[in-house]
Amino acid sequence: MKSKTTTKIIIILAVLALALYLLYPTYEYNLLSDAEKDRRELENQKEFMDLKGKSLNLGLDLQGGMHVVLEVDIKELLDKLAKNKDEAFTKALEETENQVSVSDEDFVTVFNEKLNQRNVKITRYFSSAENRTEDQVIGFLREQTEEAVDRSKEILSNRVDEFGVTEPIIQKQGDRRIIIELAGVKNPTRVRQLIGRTALLEFKLLKENTITGPVAEKINEFILSKISPQDTVKSETAEKDTTKTSLEDMFGIDETDSTKETAVTQEDTTINLFEENLFFLDPRDKQSLLVPMEKEQKFKEIIKMPEVEKIIYDVAGSGEFIWSAKPVINDQYYVVYFVNKNVELSGSTITDAYPQSGSANDPSSIGKFEVSLTMNDEGARIFSRVSGANIGKRLAIILDNKVFLAPTLQVKITNGRARITGLESMEEAKDIAIVLKAGALPAPVKIMEERTVGPSLGKDSINAGSYSAILGLCLVVLFMIFYYKLSGIIADLALVLNIIFIMAVMAYFHATLTMPGIAGIILTIGMAVDANVLIFERIREEQRKGKTIRASLDIGYGKAFITILDANVTTFIAGLVLYTYGSGPIQGFALTLMIGIVASMFTAIFVSRVIFDFTLEKKWMKKLSI
């Protein structure tokens, strides 16, 4: 008997030692100040990241963070899938978006109704070799929208995982929306950019300057034809007061000679859409345009006009204007690149993207950061063909319709590697690498709702939850000591071990502790005591019948076991149902409840019994204090 009790004690001590070992990283992590945590995370210290990964996670309500509701842009998805688009299609799509934004109706159904009101069949825009019927087209579009939402959820999950947020909550809401909860996030702007970026990477060749120049000249002639004499006088007056850096100061050239048709002025952009000097050819390469930042919107509106699109088609055949990701020349101008519409290579061939400091061999990269790209075999083959066939030409690297780089192809590139250079911070390089590795979203996403929980509110929640848990524990401890005396102390010891085991199991499985989770722990405390109450009352009955201490304990624990097991199994099943079909706070409550039930069964029945047996063997207990 003595050897059995010793073995049981060793088992309990081993489990306790394991629990303390699992909880130690949490203790060590919480000893660090917030500033120290931020510093180590920014430096990406391996030891710190391992420590953080082993620590007990706190939910959004306890440590602060972000709650974001995203909506997949079905309008853009349908626009991308459609062919033979016309004015009826565009207007029907816009009206559909306006209607479903307030009614939450099925997008495809409403879109079909809008087209029918115009006596237009949806099959006109989504035809195929199979000659689908209207119902088949509607079914196809619904499949595409559902697949787009599911794929967006998967890609966003990959991005968030790479970002390093512990235990994020990412789930679908309805047909088009995705909910994301990120606990512990301290930079909402960075997260907003990370999850909102489409991450569509494309490689396109720039048009030759022999094409870009005539296109720019024709567009400028079109703009001048729309300007009245009064606007010209205002423009000349404004030019006298200009404070912008002159072209001669910037490039050391005569502004009136090389770019006389597209010189820059400071004319008020709010007077008229059309004005002189909206842009000029970049004198550095004559292959791109420079647009003043304050005139960006005007020029964007003009190049969308049908007359300008016709000019582009007549002169270049096929081409489009893509804006630079960042302004240049003292942040005063945007570079607008004229590129082929044909995509030479897409980001789907990227297998790896790695952020790094700028190359020391490239003077322009010193002090900057970059992303190194690695392509798969197919991408390497295509890149080799494109670079070999276009030596001397410029290739634009475009991410989300913004040009990050447009280098000149010097040699045939056969190793399937490329770089996005000129990034201002390692943080920006990391974010671009994350979205490129995760892949491009099938459609843009819009942030419909955003809530930020500050860390101070989270600390208040922790304090309030801790206070309620400690208060409840103290009241239970005092009641058990008062009512069951020495046996109550044994039950209290088992109760403390119960809480330690719950927290250790949660730390081991990287579970997230939330306010509802704390409520589940408090409920578990009551249930654990309830088991001891059943056992102790049964022991009292046997004592009143004149049984010995050993016999009373054997009968008390033996007969109360079935009742305790039944009660805990039914509660565990209820918790399992809540965890399976619930979400967010419900799951947090259910998880701690289920872990607590298992731990309370171990401590209330096994641990407390071993303590009783040990005291009897040591003959420390002459009379049962119960």
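Everything numeric in this text was worked out from a predicted model, so none of it was measured.

Peer 1: For this particular structure, what's the right way to read the packing of aromatic side chains?
Peer 2: Any two aromatic rings considered together are summarised by their centre-to-centre distance and by the angle between their planes. Under the defined criterion, the tally for this structure stands at 20 aromatic pairs. Aromatic side chains Tyr 24 and Tyr 27 sit 6.2 Å apart centroid to centroid with 40° between the ring planes, which places their arrangement in the tilted category. Here the residue Tyr 24 and the residue Tyr 27 both occupy positions in helix H1 (residues 2-31), the gap between them amounting to 3 residues, near one helical turn. By relative accessible area, Tyr 24 is classed as partly exposed at 47%. Since its relative accessible area comes to 53%, Tyr 27 is described here as exposed. Aromatic side chains Phe 89 and Phe 126 sit 6.4 Å apart centroid to centroid with 55° between the ring planes, which places their arrangement in the tilted category. Separated by 37 residues along the polypeptide, Phe 89 in helix H6 (residues 87-103) and Phe 126 in the loop between helix H7 (107-117) and helix H8 (134-163) bring together distant segments of the chain. Note on accessibility: Phe 89 and Phe 126 belong to one class, buried. Taken together, the ring pairs connect Phe 279, Phe 299, Phe 321, Trp 323, Tyr 334 and Phe 338 into an aromatic cluster.

Peer 1: Mind showing me how you'd approach the environment of Leu 16 here?
Peer 2: Mapped onto the fold, Leu 16 is located in helix H1. Separated by 481 residues in the primary sequence, Leu 16 and Leu 497 have C-alpha atoms spaced 7.7 Å apart. Apart from residues lying up to four places away in sequence, Leu 16 is in contact with Leu 497, Ile 500 and Phe 501.

Peer 1: Help me out: how do you make sense of the nonpolar core in this one?
Peer 2: Nonpolar side chains in soluble globular proteins tend to end up buried together. The biggest cluster of nonpolar side chains holds 46 residues, and the ones touching the most others in it are Leu 78, Phe 111, Phe 126, Ile 180 and Ile 195. Elements that contribute at least two residues to this core include exactly strand E2 (65-72), helix H5 (74-81), H6, H7, H8, strand E4 (177-183), helix H9 (188-196) and helix H17 (426-438). Of the residues forming this core, the biggest block, 9 residues, is contributed by H8.

Peer 1: What is the right way to read the confidence of the model for the chain from this model?
Peer 2: When pLDDT drops low, the exact placement of atoms in the prediction is not to be read closely. When pLDDT is averaged along the chain, the result is 82; 88% of the residues meet or exceed 70. Contacts of residues 233-248 to residues separated by more than four positions or lying in other chains number 27 contacts, the stretch itself having pLDDT below 50. For the stretch residues 250-271, pLDDT sits under 50, and the model shows 63 contacts to residues farther than four places along the chain or on other chains.

Peer 1: Would you mind showing me how to read the sheet that holds strand E11 (residues 350-357) here?
Peer 2: The strand order E11-E12-E15 describes an open sheet built from 3 strands, whose pairing is antiparallel. On the outer flanks of this sheet lie E11 and strand E15 (417-423), each paired with one strand and no other. If you compare each strand with its neighbour and ignore which way they point, the axes differ by 20° on average. Running over the sheet, helix H16 (residues 377-389) touches strand E12 (369-375) and E15 and is turned about 105° from E12. Where H17 meets the sheet, it contacts E11, E12 and E15, and its direction lies at approximately 175° from that of E11.

Peer 1: Hey, could you run me through a nonpolar patch on the surface in this one?
Peer 2: Among the surface-exposed residues, Val 569, Ile 573, Val 577 and Tyr 581 lie close enough to one another that they form a single nonpolar patch of about 430 Å² accessible area. With respect to the helices, strands and loops of the structure, Val 577 is situated in helix H20 (residues 549-581).

Peer 1: Would you mind showing me how to read the pattern of salt bridges here?
Peer 2: Should their charged atoms come close, side chains of opposite charge can pair. One pass over the structure, following the stated rule, counts 30 salt bridges. In this structure, Glu 71 and Arg 176 form a salt bridge, with 3.9 Å as the shortest nitrogen-oxygen distance. Of this pair, Glu 71 sits in strand E2 while Arg 176 sits in the loop between strand E3 (169-173) and E4, placing them 105 residues apart in sequence. A single burial state applies to Glu 71 and to Arg 176, both of which are buried. Of the charged contacts, one joins Glu 95 and Arg 118 as a salt bridge, the two residues approaching to 2.6 Å between their closest N and O atoms. Taken as a pair, Glu 95 in helix H6 and Arg 118 in the loop between H7 and H8 lie far apart in primary sequence, 23 residues in all. For Glu 95, a relative accessible area of 31% gives the class partly exposed. Through salt bridges with shared partners, one network takes in Glu 71, Lys 75, Glu 97, Arg 176, Arg 177 and Lys 446.

Peer 1: Help me out: how do you make sense of helix H15 (residues 306-316) in this one?
Peer 2: The α-helix advances 3.6 residues per turn, and as a result positions three or four apart in sequence lie on the same side. Listed as buried for H15 are Val 308, Ile 311, Ile 312 and Ala 316. Buried positions in H15, seen along its axis, are confined to an arc of 95° and lie on one side of it. The outward face of H15, more than 90 degrees from its buried face, is lined by the exposed residues Pro 306, Lys 310 and Tyr 313.

Peer 1: Any chance you could explain H16 here in plain terms?
Peer 2: An ideal rise of 1.5 Å per residue puts 18 Å on 13 residues; H16 measures up with 18 Å between its terminal C-alpha atoms. Within H16, the full set of buried residues consists of Gly 379, Ala 380, Ile 382, Phe 383, Ser 384, Val 386 and Ser 387. Next to the buried residues of H16 lie strand E5 (201-205), strand E10 (345-346), E12, strand E13 (395-399) and E15. Capping of H16 at its N-terminal end is provided by Asn 376; its side-chain oxygen lies 3.3 Å from the backbone amide nitrogen of Glu 378.

Peer 1: Got a minute to help me understand a negative patch on the surface in this structure?
Peer 2: On the surface, a cluster of negative charge is contributed by Glu 143, Glu 146, Glu 147 and Asp 175. Position of Glu 147 relative to the elements: it lies in helix H8.

Peer 1: Explain the pairing of E3 to me, please; I cannot follow it from the model alone.
Peer 2: Within a regular strand, the side chains alternate between the two sheet faces. For E3 and E4, the ladder comprises 5 bridges, and the chain directions are antiparallel. Residue pairing across strands places Gln 171 opposite Ile 179, the latter belonging to E4. Connecting E3 to the antiparallel partner E4 that follows it, the hairpin turn spans 3 residues, and Gly 174 within it adopts a positive phi of roughly 70°.

Peer 1: Sorry, what's going on with the environment of Glu 424 here?
Peer 2: By secondary structure assignment, the location of Glu 424 is in the loop between E15 and H17. On the basis of relative accessibility, which here comes to 46%, the residue Glu 424 falls in the partly exposed class. For the pair Glu 424 and Gly 367, spaced 57 residues apart in sequence, the C-alpha to C-alpha distance is 8.2 Å. Not counting residues within four places of it along the chain, the set of residues in contact with Glu 424 comprises Lys 326, Lys 368 and Phe 369.

Peer 1: Got a minute to help me understand the sheet that holds strand E14 (residues 402-405) in this structure?
Peer 2: Backbone hydrogen bonds hold the strands of a sheet together, and the pairing may be parallel or antiparallel. Spatial ordering of the open sheet is given by E6-E7-E9-E8-E14-E13-E5-E10, a layout of 8 strands whose pairing is mixed. Sheet topology places strand E6 (280-281) and E10 at the edges, where each strand pairs with a single neighbour. The pairing of E5 with E13 spans 5 bridges and is classified as antiparallel. Counterpart to Leu 205 in the pairing with E13 is Leu 395.

Peer 1: Is there a simple way to think about the pairing of E13 in this case?
Peer 2: Most of E13 is tucked away, with 5 of its 5 residues classed as buried. Burial of the side chains of E13 extends over both faces: Leu 395, Ile 397 and Leu 399 are buried on one face and Ala 396 and Ile 398 on the other. With 3 bridges connecting them, E13 and E14 associate as antiparallel partners. Note on E14: the bridge partner recorded for Ile 397 is Leu 405. With antiparallel pairing between neighbouring strands as the criterion, E13 and E14 make up a hairpin whose turn holds 2 residues, including Asp 400 at a positive phi of roughly 55°.

Peer 1: Even after reading the chapter, I still don't get unusual backbone geometry, so can you show me in this structure?
Peer 2: With the exception of glycine, the majority of residues adopt a negative phi angle, and the majority of peptide bonds are in the trans configuration. Positioned with a positive phi, Asn 119 is a non-glycine residue whose angle comes to about 60°. Relative to the helices and strands, Asn 119 is located in the loop between H7 and H8. Located in the positive-phi region is Asp 331, a residue other than glycine, with phi close to 60°.

Reading guide: rules and limits
- Residues numbered from 1 in each chain as written.
- Predicted model: local features only at pLDDT ≥ 70, side-chain atom pairs only at ≥ 80, totals over all residues.
- Heavy atoms only, no water.
- Phe/Tyr/Trp six-rings, centres within 6.5 Å; stacked < 30°, edge-to-face > 60°.
- Helix = DSSP H or I, 4+ residues; strand = E, 2+ residues; numbered from the N terminus.
- Buried < 20%, exposed > 50% of the residue type's maximum accessible area, 1.4 Å probe, protein only.
- Contact = heavy atoms within 4.5 Å.
- Core = buried A, V, L, I, M, F, W, Y, C linked by side-chain atoms within 4.5 Å.
- pLDDT = per-residue confidence, 0-100.
- Pairing = 2+ DSSP bridges.
- Axes fitted to C-alpha atoms, helices over the stretch in contact; angles between N-to-C directions.
- Patch = residues over 30% accessible without salt bridge, like charges linked within 9 Å, V, L, I, M, F, W, Y side chains within 5 Å.
- Areas by Shrake-Rupley, 256 points an atom, 1.4 Å probe, with all protein chains shown as cover.
- Salt bridge = Lys/Arg side-chain N within 4 Å of Asp/Glu carboxyl O.
- Arc of directions from axis to C-beta.
- Expected span 1.5 Å × (residues − 1).
- Polar contact = N/O pair within 3.5 Å; in protein donor to acceptor, adjacent residues only side chain to side chain.
- Lys, Arg positive; Asp, Glu negative; His and termini not counted.
- Charge placed at Lys NZ, Arg CZ, Asp CG, Glu CD.

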